[in-house]
Amino acid sequence: MRVVVVGAGIVGAACARELARAGLAVTVLDRGGPAAGTTAHGEGNILVSDKGPGPELELAKLSRSLWPEILDGLPNAGGVEWDPKGGIVVATTPEGARELEKFAESQRAAGVTAEALDAASLAAAEPHLTREVTAAVHYPDDAQVQPSGAATALLSDALRHGADLRTGCELIGVRTHDGYPDGSRDGASGERGGASSVWSVSRADGNRLTGVRTSQGVIDADLVVNAAGPWSGEVAARLGAPIDVRPRRGEVLVTAPLPPTVFHKVYDADYVGAVGSGSQDLQASTVIESTGAGTILIGSSRRQVGFDDRIRPFVLAELARKALRLYPSLAGVQVMRAYGGFRPYVPDHLPVIGPDPRLPGLWHATGHEGAGIGLSVGTARLLRELVTGAVPSLDPEPFRAGRPAVLGADACEGAA
Ligand SMILES: Cc1cc2nc3c(=O)[nH]c(=O)nc-3n(C[C@H](O)[C@H](O)[C@H](O)COP(=O)(O)OP(=O)(O)OC[C@H]3O[C@@H](n4cnc5c(N)ncnc54)[C@H](O)[C@@H]3O)c2cc1C
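Here is what the cut-offs are and how they apply
Residue numbers here run from 1 along each chain, matching the order of that chain's written sequence. Local features in this predicted model are restricted to residues of pLDDT 70 or higher, and side-chain atom pairs are both shown and tallied only at a pLDDT of 80 or more, whereas totals for entire chains, interfaces and linings draw on every residue. Values reported for side chains reflect all heavy atoms of the structure, with hydrogen atoms and water molecules removed beforehand. Strands here mean DSSP runs of E at least two residues long; helices mean DSSP runs of H or I at least four residues long; both are numbered from the N terminus. This radius of gyration counts C-alpha atoms alone. The globule rule is 2.2 Å times how many residues there are, raised to the power 0.38. Three exposure classes are used, based on accessible area relative to the maximum for each residue type with a 1.4 Å probe and protein chains only: buried under 20%, partly exposed in between, and exposed over 50%. Whether two residues are in contact is decided by their heavy atoms, any of which lying within 4.5 Å being enough. Each accessible area is a Shrake-Rupley estimate made with a 1.4 Å probe; only the visible protein chains count as cover when residues are assessed. Neighbouring residues are identified by heavy atoms, a residue being near a molecule or strand if any of them is within 4 Å of it. Between N or O atoms, a polar contact is any pair within 3.5 Å; within protein, one atom must be a potential hydrogen donor and the other a potential acceptor, and residues adjacent in sequence are included only when both atoms are from side chains. Polar here means any residue outside two lists: the nonpolar Ala, Val, Leu, Ile, Met, Phe, Trp, Tyr, Cys and Pro, and the charged Asp, Glu, Lys and Arg; Gly therefore counts as polar. If DSSP finds at least two bridges between two strands, the strands pair. Every axis corresponds to a line fitted to the C-alpha atoms, with the helix fit spanning only the stretch in contact, and the corresponding angles, defined between N-to-C directions, vary from 0 to 180 degrees. Cavities and pockets were defined on a 1 Å grid built over protein atoms only: a cavity is a set of grid points that admits a 1.4 Å probe from which the probe cannot escape, a pocket is an open set flanked by protein on both sides within 12 Å along at least five of seven lines, and lining residues are those with an atom within 4 Å of any such point. Grid points are joined across faces, edges and corners, and a volume is the space filled by probe spheres set on the points. Centre distance within 6.5 Å is the pairing criterion for rings of Phe, Tyr and Trp, where only the six-membered ring of Trp is used; planes under 30 degrees apart are then read as stacked, over 60 as edge-to-face, and the remainder as tilted. Look at NZ for Lys and CZ for Arg. If either is within 6 Å of the ring centre and within 35 degrees of the ring normal, a charge sits over the ring. In this description, a nonpolar core means a group of buried Ala, Val, Leu, Ile, Met, Phe, Trp, Tyr and Cys residues linked to one another through side-chain atoms lying within 4.5 Å. For each domain, the first and last residues come from an automatic or database assignment.

Peer 1: Describe the overall build of the protein, naming the residues involved and giving the relevant values.
Peer 2: Within the protein, the secondary structure is distributed over twelve helices and 19 strands. Computed over the C-alpha atoms, the radius of gyration of the protein is 21 Å, within 12% of the 22 Å expected from 2.2 N^0.38 for a compact globule of 416 residues. Looking at the protein as a whole, 56% of its 416 residues are labelled buried. In the protein, the proportion of contacts linking residues at least 24 apart, taken out of those at least 6 apart, comes to 77%. Counting every atom, the protein has about 15700 Å² of accessible surface; 52% of that belongs to carbon and sulfur.

Peer 1: I'd love a proper account of the site of the ligand, names of residues and values included.
Peer 2: In the vicinity of the ligand lie 39 residues, with Asp30, Thr38, Thr39, Asn45 and Glu369 positioned nearest. Arginine 31 is positioned such that a nitrogen or oxygen atom in its backbone is 3.1 Å from a nitrogen atom of the ligand. One nitrogen or oxygen atom from the main chain of leucine 171 is found 2.9 Å from a nitrogen atom belonging to the ligand. Expressed as a share of its isolated accessible area of 1000 Å², the protein-covered part of the ligand is 98%. Secondary-structure elements contributing two or more residues to the shell around the ligand are helix H1 (10-21), strand S2 (25-30), helix H7 (232-238), strand S13 (246-255), strand S17 (335-345) and helix H10 (372-388). With four residues, the single largest contributor to the shell around the ligand is S17. Of the residues contributing to the shell around the ligand, the split by class is 17 nonpolar, 15 polar and seven charged.

Peer 1: Help me get a handle on the pairing of strand S9 (residues 171-176), residues and values and all.
Peer 2: In terms of burial, S9 is largely enclosed, as six of its six residues are buried. For S9 and strand S10 (residues 209-214), the ladder comprises five bridges, and the chain directions are antiparallel. Paired with threonine 176 across the strands is leucine 209, a residue of S10.

Peer 1: I'd love a proper account of the sheet that holds strand S16 (residues 296-302), names of residues and values included.
Peer 2: Overall, mixed pairing links the eight strands, which are arranged S5-S6-S4-S14-S15-S16-S13-S17 in an open sheet. If you trace the sheet from one side to the other, it starts and ends with strand S5 (115-116) and S17, each paired once. Examined bridge by bridge, strand S4 (residues 87-91) and strand S14 (residues 265-268) share four bridges and lie parallel to one another. When the bridges of S14 are listed, isoleucine 88 appears paired with valine 266. Lying over the sheet, helix H3 (residues 94-109) contacts S4, S5 and strand S6 (135-139), oriented at roughly 25° with respect to S6.

Peer 1: Pulling in residues and values, what's your account of empty space enclosed by the protein?
Peer 2: The gaps of empty space that remain are located by a probe, the size of a water molecule, rolled over the atoms. Scanning the entire structure with this criterion turns up one cavity of 30 Å³ or more. What the largest cavity holds in volume is close to 60 Å³. Lining the largest cavity, in full, are Asn45, Ile46, Leu47, Val48, Lys51, Ala60, Ser63, Arg64, Ala371, Gly374 and Leu375. Taken together, the elements giving at least two residues each to the lining of the largest cavity come down to strand S3 (45-46), helix H2 (55-72) and H10. When residues in the lining of the largest cavity are grouped by element, the largest group, three residues, is from H2. Of the residues contributing to the lining of the largest cavity, the split by class is six nonpolar, three polar and two charged.

Peer 1: Describe the packing of aromatic side chains, naming the residues involved and giving the relevant values.
Peer 2: By the definition in use, this model includes three aromatic pairs. Taking 6.4 Å as the distance between ring centres and 20° as the angle between the ring planes, the aromatic pair formed by tryptophan 67 and tryptophan 82 counts as stacked. You can see tryptophan 67 sitting in helix H2 and its partner tryptophan 82 sitting in the loop between H2 and S4, a full 15 residues away along the chain. Classification of tryptophan 67 as buried rests on a relative accessible area of 0%. By relative accessible area, tryptophan 82 is classed as partly exposed at 26%. Following the ring pairs from residue to residue traces out a cluster consisting of Trp231, Phe307 and Phe342. Directly above the aromatic system of tryptophan 231 lies the positively charged group of arginine 31, at a separation of 5.2 Å from the ring centroid.

Peer 1: Go over the sheet that holds strand S12 (residues 223-226), please, and point to the residues and values.
Peer 2: Across the sheet, which stays open at both edges, the six strands sit in the order S8-S2-S1-S12-S19-S18 with mixed pairing between neighbours. Across the chains shown, the open sheet's two edge strands, defined by having one partner strand only, are strand S8 (164-167) and strand S18 (352-355). Between one strand axis and the next, the sheet turns through 20° on average, direction left out of account. For S18 and strand S19 (residues 362-366), the ladder comprises four bridges, and the chain directions are antiparallel. Looking at the pairing, proline 355 lines up with tryptophan 363 of S19.

Peer 1: Go over the nonpolar core, please, and point to the residues and values.
Peer 2: Side chains that are nonpolar tend, in soluble globular proteins, to be buried together. Membership of the largest hydrophobic core comes to 68 residues, with the highest contact counts inside it found for Val26, Trp67, Leu154 and Val225. Taken domain by domain, this core gets at least three of its residues from each of domain 1 (1-83 + 143-245 + 346-416) and domain 2 (87-140 + 246-345). Dropping the residues within four chain positions of it, tryptophan 67 is found in contact with Ile10, Ile46, Trp82, Val145, Ala150, Leu154, Ile373, Gly374, Ser376 and Val377. Within the second largest apolar cluster, 20 residues are counted, among which are Leu122, Val133, Ile288 and Tyr327.

Peer 1: Which residues make up the layout of surface pockets, and what values do they have?
Peer 2: By volume, the second largest pocket amounts to about 420 Å³. Lining the second largest pocket we find 26 residues, and of these Glu81, Gln146, Pro147, Thr291 and Leu297 sit closest to its centre. Contributions of two or more residues to the lining of the second largest pocket are made by helix H5 (147-160), strand S15 (283-290) and S17. Among the elements that make up the lining of the second largest pocket, the one with the highest residue count is S17 (three residues).

Below you can see the structure in the form of structure tokens.
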């Protein structure tokens with residue numbers, strides 16, 4: 001079976017690795033290069049702590065169990081900077097404490113290790129953290145990677161197992177049994193997709209995908225995996241089957257290297273609410289962690305501003321203000337740089353993993369929003385199991401592409 005994976009971010013890399021190891025003939029294409037998109041513009045937290053009971057937590061638990069096993073088998077895993085340091089979530093108000101304790105209790109019932117810390121244990125674990133904390137919970141299973149390093153290592157393993165990588169190769173459109181539904185004849189023409197006409201053809205006759213048109217010509221394919229992160233909506237539209245994946249902007253501040261100051265991944269309990277919020281306005285909740293190089297990453301914001309990539313000083317100021325509330329000793333520390341990226345956001349906050357009901361041969365592995373680094377390996381494992389007909393490691397139903405949040409209610413009716 002010939003598979004084209006669109007996108008060489010961490011999700012595409014992980015999927016390519018799983019499919020190549022299963023013996024499929026995989027071509028990964030990216031209009032940039034490996035980790036050219038969001039994967040190089042986020043943080044590398046692998047979290048179970050921020051997910052309440054439900055399908056995303058199950059995917060996070062699967063992924064967390066796979067990471068060490070996968071890294072053990074990679075020849076060049078050094079750049080991954082795997083650090084199973086654990087996370088600590090803190091509340092700073094009485095109401096926040098009640099919410100955090102309730103949340104942790106629900107996670108324990110779902111099999112997550114969540115240990116309440118008293119003031120003395122918290123001070124021992126994080127000596128520079130403010131003492132103005134009303135509750136703290138330790139999650140030993142939270143971990144961290146360097147996202148670009150992890151994506152590159154996964155991709156290298158895919159190439160080692162026979163996958164082919166095409167960089168500077170942009171997906172333009174689809175080829176089906178009937179030819180090019182947008183009317184083009186030359187796959188290398190560079191002409192853009194004509195999504196609406198493609199859409200009507202594939203819906204009308206259940207046409208099967210046989211290849212993709214790219215800026216480097218036509219590539220034959222029996223199966224295409226859309227792993228284009230925040231651009232997955234556009235890629236799906238070019239293939240004739242639009243999905244609702246939107247960019248959700250996030251910014252991060254990076255300090256100059258410091259002596260050891262932050263020992264776990266530490267975040268404010270507000271973070272969980274910000275992740276789950278659908279608001280378009282600025283949500284900023286403190287997430288702080290150190291890196292192997294000694295820098296401290298201070299994240300992160302959430303805003304829906306399309307693909308506007310301007311760094312906004314008011315967002316950075318809000319991140320810094322909230323970080324100082326948790327770590328007063330960071331006052332006066334040099335900020336080395338700030339950066340931002342676009343999380344691939346789906347309105348119901350769940351990834352999209354599986355076949356598209358409208359265009360046979362099209363699959364999606366996308367929509368992981370702020371958790372795609374952590375969830376990449378579990379997503380890839382589930383995708384491989386579904387493609388090869390193996391028993392899935394978890395219930396794929398909640399992630400199916402045909403749900404209303406992904407297709408929109410009208411499209412769902414048409415696809416049913
Ligand atoms: C500020 C911030 C902090 C974050 N922190 C974390 C965190 O701590 N932990 C975590 O798990 N996640 C985090 N995330 C989210 C995480 O980064 C993403 O979920 C993840 O990187 C998505 O990976 P991806 O492979 O799906 O997409 P991407 O990395 O965006 O890859 C998509 C690729 O598709 C390519 N592409 C797009 N269109 C085309 C086309 N037409 N033709 C060919 N190629 C195309 C792009 O060039 C790109 O390389 C964060 C995100 C942000 C913005």
